[in-house]
Amino acid sequence: MNEDRMKNEETLFANARNAAAGSLRQLDSSITASRPLDIFIFNVQKSEDLEFKSHLESLEYMKKLGFNVNPVVIPVKTIPDAIKAIEKIGEDRYSLSFGIDGAVIKVDDLKQREILGTTYKTPKWAIAYKYPPEKKETILKQIQFQVGRTGVITPLAILEPVKVAGSTISKTTLHNEDFVLEKELKIGDTVIIQKAGDVIPEIVEVVKSKRTGNEIDFKMPEHCPVCGSIVVREEGEAATRCIGIECPAKQYRNIIHFASREAMNILGLGDNIIEELLNRGLIKNIADLYELTNEDFESMKKNGKKFAQNLVNSINASKSNDLYRLITGLGIRNIGVKAAKLLAKRFKTIDNLMEATESELIEIDDLGEIMAKSVYEFFNQPQTIDLINRLKSLGLNMESIQDDETDNRFEGMTFVLTGALDNYSRKEAEDIIEKFGGKASGSVSKKTTYVLAGEATGSKLDKANKLGVKIISEKEFEEMIK
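Within each chain, residue numbers correspond to sequence positions counted from 1 in written order. Predicted model: local features are reported for residues with pLDDT of at least 70 only, side-chain atom pairs are reported and counted for 80 or more only, and whole-chain, interface and lining totals are derived from all residues. With hydrogens and water set aside, each side-chain value is computed from the structure's full complement of heavy atoms.

Trainee: Got a minute to help me understand the overall build of the chain in this structure?
Mentor: Looking only at helices and strands, one finds 20 helices and 15 strands in the chain. In terms of overall size, the chain is more extended than a compact globule, its C-alpha atoms giving a radius of gyration of 30 Å where 482 residues would be expected to give roughly 23 Å. Taken over the C-alpha atoms alone, the chain extends approximately 90 × 65 × 55 Å along its principal axes. Within the chain, buried positions represent 38% of all 482 residues. Note on contacts: a residue pair is in contact if any heavy atoms of the two residues lie within 4.5 Å. In the chain, the share of contacts with a sequence separation of at least 24, taken over all contacts with a separation of at least 6, comes to 57%. Just so you have it, the chain exposes about 28500 Å², and 50% of that area is on carbon and sulfur atoms. Per the convention used, a helix needs a DSSP run of H or I reaching at least four residues, while a strand needs a run of E reaching at least two, with both numbered from the N terminus. Note on method: radius of gyration uses C-alpha positions; expected globular size equals 2.2 Å times residues raised to 0.38. Any residue under 20% of the maximum accessible area for its type is buried, any over 50% is exposed, and the rest in between are partly exposed; the area is computed with a 1.4 Å probe on protein chains only. Per-residue and other accessible areas were derived by the Shrake-Rupley procedure at a 1.4 Å probe size, with only the shown protein chains allowed to occlude residues.

See below:
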């Protein structure tokens, strides 16, 4: 599970308990069903027809019924025997087919349990012993770099193989540049490793006393190890990213975003189809979409002629999209739909935008320095220039077709929406506000012009009243946009 999550740049599960609990709490039951869950039945909570004298007796009965019961159950008579049993389990723990981090001593007699009772949180008839994580020394032989699907570059420690907590460890993630610098890691160091939560291998510390002077300092790459594009690390972020638009490591996510509703809106081109196109080698980047034929799609579905024609039509239709949709689809870091519309409106053509200086970009209201830098760096990449030239040759629109005679009746106004509207979704209302030159914000402040209130409003309405911000109804809003 963690290997899959690492590939998708998702937070890793720290241990089996977190993985199981997180899986069971999923609102989407199909996610729970996809997880490799199993269970040991360890207690009979209630029985109306059967009466057990001991815990061991109840476990044996559950086993006879066919339930999966923990095979490591050791009856003992004395505390010294209990300690020996804990030590034996500790010696054998890495040969078990499941992970454990401790052992529990329980009073077996169920009547004695009743007499002993429980505290508010825990039973008085049981106590847990936690095993310390096993630590081993090894050599940090090399640091390699992996590029994730969103372009994040992660350092990976290549270790002299060593057995820890029952498995041989030869590599482990180093997370990011800050982690490596904080641990003061150098290539060639002797390091101490353990399994966090007895699951994830991690480097705990460097054994500096064993340094020879031949160790090599760590340095993050300046260029992507996959495509050679420059890499960036933005202020306030721990992640270093490749910004190459055609980086093979990023193509799956890039193409999904390009085809999405907010970008090029290619109907029918879903995640699974994109993944299959990539796996079959039919596409390598977003430009390849526009060279696909009916035959490329037909084999994906039984009787797939109509399916193929619809997809080809949808892809071809996207060629005439407004420039802002193309800018959005390119997936420029920090640039969403709103910023893409600003850029398209200001520069009119993709050529003008590509020739814009960083200072010209900064001058655009609501763009900001970080966004301007992202746009400038993106359009000065050789990969970007090659891609744009190819998309031009494939017939994609490269000009803004937004109406210059825009009605800016809401210019300078900021709207905040709260509650559910009868005739509009939140996004539809926000689009209308932006169409008329206004801004839609998520929070109420002194700068808010109007709060548009629907049904079942929340705390935003209270804050608006406190600040004296004008509250309007859906009916008043409709009068304003007539």
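Trainee: Explain the nonpolar core here, please?
Mentor: Take the buried residues of types Ala, Val, Leu, Ile, Met, Phe, Trp, Tyr and Cys, join any two whose side-chain atoms come within 4.5 Å, and each joined set is a nonpolar core. Residues Leu-289, Tyr-290, Phe-297, Leu-343 and Leu-361 are the most contacted members of the largest nonpolar core, which totals 54 residues. When contributions to this core are tallied by element, the ones reaching two or more residues are α8 (251-259), α9 (271-279), α11 (305-317), α12 (323-329), α13 (337-347), α14 (350-355), α16 (369-379) and α17 (382-393). Residue contacts for Phe-297: discarding those within four places in its chain leaves Ile-273, Leu-277, Leu-292, Phe-307, Ala-308, Leu-311, Val-312 and Ile-315. Among the nonpolar cores identified, the runner-up in size contains 25 residues, and Leu-140, Ile-187, Val-191 and Ile-203 belong to it.

Trainee: I would appreciate a short explanation of the pattern of salt bridges in the present structure.
Mentor: A side chain with one charge may pair with a side chain of the opposite charge, provided their charged atoms come close. In what follows, salt bridge is the name for a side-chain nitrogen of Lys or Arg lying within 4 Å of a carboxyl oxygen of Asp or Glu. All chains considered together, the criterion is met by 21 salt bridges. Among the salt bridges present, the one from Glu-137 reaches Lys-210, with a minimum N-O distance of 2.7 Å. Separated by 73 residues along the polypeptide, Glu-137 in strand β3 (residues 136-147) and Lys-210 in the loop between β8 (200-206) and β9 (216-217) bring together distant segments of the chain. Residue Glu-137 is classed as partly exposed on the basis of its relative accessible area of 39%.

Trainee: How do you make sense of the environment of Lys-111 when you look at a structure like this?
Mentor: By secondary structure assignment, the location of Lys-111 is in helix α6 (residues 110-116). Taking the C-alpha atoms as reference points, Lys-111 and Ile-216, 105 residues apart in sequence, are found 65 Å from one another.

Trainee: Sorry if this is basic, but what is going on with the pairing of β3 here?
Mentor: Across a regular strand the side chains alternate sides, sitting on one face of the sheet and then on the other. By this definition, two strands are paired if DSSP reports at least two bridges between them. Relative to strand β4 (residues 152-164), β3 runs antiparallel, the two being bridged by 7 bridges. By the bridge assignment, Gln-146 is partnered in β4 with Thr-154. Counting the residues between successive antiparallel strands, the hairpin from β3 to β4 contains 4 residues, one of them, Gly-151, with a positive phi of roughly 95°.

Trainee: Please clarify how α17 should be interpreted in this entry.
Mentor: By this rule, a helix spans an expected 1.5 Å times one less than how many residues it contains. When the terminal C-alpha atoms of α17 are compared, their 17 Å separation across 12 residues agrees well with the 16 Å that a helix rising 1.5 Å per residue should span. Within the span of α17, buried status applies to Gln-383, Thr-384, Leu-387, Ile-388 and Leu-391. Considered in projection along α17, the buried side chains sweep an arc of 130° and stay on one side of the axis. Counted as exposed and oriented over 90 degrees from the buried face of α17: Pro-382 and Ser-393. Contacts from the buried residues of α17 go to α12, α14 and α16. Comment: arc refers to directions from the helix axis out to C-beta atoms.

Trainee: Would you mind showing me how to read the sheet that holds strand β15 (residues 470-472) here?
Mentor: Hydrogen bonds between backbone atoms are what pair the strands of a sheet, whose relative direction is either parallel or antiparallel. Pairing is parallel across the open sheet formed by 4 strands, whose spatial order is β13-β12-β14-β15. Edge positions in the sheet fall to β13 (439-441) and β15, since each has one partner strand and no second. Ignoring which end each strand starts from, the neighbouring axes of this sheet average 35° apart. Summarising the sheet, strand β12 (residues 414-418) and strand β14 (residues 450-453) pair through 4 bridges and their orientation is parallel. Each residue of the ladder has a partner; that of Thr-418, found in β14, is Ala-453. Here an axis means a line fitted to C-alpha atoms, over the contact stretch when the element is a helix, while the angle between two N-to-C directions is reported on a 0 to 180 degree scale.

Trainee: I tried to follow the packing of aromatic side chains on my own but got confused; where do I start?
Mentor: Both the distance between ring centres and the angle between the ring planes are used here to describe each pair of aromatic rings. Pairs were defined over the aromatic rings of Phe, Tyr and Trp, the Trp ring being its six-membered one, requiring ring centres within 6.5 Å. Orientation was assigned from the angle between planes: stacked under 30 degrees, edge-to-face over 60, tilted for the rest. Going through the model one piece at a time under the given rule, you end up with 12 aromatic pairs. When the ring of Tyr-129 is compared with that of Tyr-131, the centres are 5.2 Å apart and the planes differ by 80°; the resulting orientation is edge-to-face. The exposure class assigned to Tyr-129 is partly exposed, which follows from its relative accessible area of 39%. A relative accessible area of 10% places Tyr-131 in the buried class. Between Arg-113 and the ring centre of Trp-125, over which it is positioned, the NZ or CZ distance is 3.9 Å. Lysine NZ or arginine CZ positioned within 6 Å of the ring centre and within 35 degrees of the ring normal marks a charge as sitting over the ring. Taking NZ or CZ as reference, Lys-341 lies 5.1 Å from the ring centre of Tyr-324, over its face.

Trainee: Help me understand the pairing of strand β2 (residues 126-130), please; the structure alone is not making it clear to me.
Mentor: Counting buried positions along β2 yields 0 of 5 residues, so the element is predominantly exposed. Pairing of strand β1 (residues 102-106) with β2, which is carried by 5 bridges, proceeds in the antiparallel orientation. Its bridge partner being in β2, Val-104 is matched across the sheet by Ala-128.

Trainee: Is there a simple way to explain the packing of α8 against α9 in this structure?
Mentor: When two helices pack together, their arrangement is given by the angle between the helix axes and by the axis-to-axis distance. Across the interface, α8 lies against α9 with an axial gap of 10 Å and an inter-helix angle of 135°. Classified by the angle their axes make, α8 and α9 are oblique. The chirality of how α8 crosses α9 is right-handed. Taking contact as the criterion, the partners of Gln-251, Tyr-252, Ile-255, Ile-256 and Ala-259 in α8 are, on α9, Asp-271, Ile-274, Glu-275 and Leu-278. Relative orientations are named as follows: roughly parallel for angles under 35 degrees, roughly antiparallel for angles over 145 degrees, roughly perpendicular for angles from 65 to 115 degrees, and oblique for any other angle. Throughout, a crossing is termed right-handed when the near helix is turned clockwise from the far one, and left-handed when it is turned anticlockwise from it by less than a right angle.

Trainee: Would you mind going over unusual backbone geometry with me for this structure?
Mentor: Residues apart from glycine generally show negative phi values, whereas peptide bonds are mostly found in trans. In this model, Asn-265 sits at a positive phi of 55°, which is unusual for a non-glycine residue. By secondary structure assignment, the location of Asn-265 is in the loop between α8 and α9. Residue Lys-348 is not a glycine yet carries a positive backbone phi of 70°. Secondary-structure assignment places Lys-348 in the loop between α13 and α14.

Trainee: I tried to follow the environment of Ile-158 on my own but got confused; where do I start?
Mentor: Along the chain, Ile-158 falls in strand β4. When its relative accessible area of 17% is taken as the criterion, Ile-158 is described as buried. For the pair Ile-158 and Thr-32, spaced 126 residues apart in sequence, the C-alpha to C-alpha distance is 33 Å. Other than its neighbours up to four places away in sequence, Ile-158 contacts Ile-139, Leu-140, Lys-141, Gln-142, Gln-144, Ser-170 and Lys-171.

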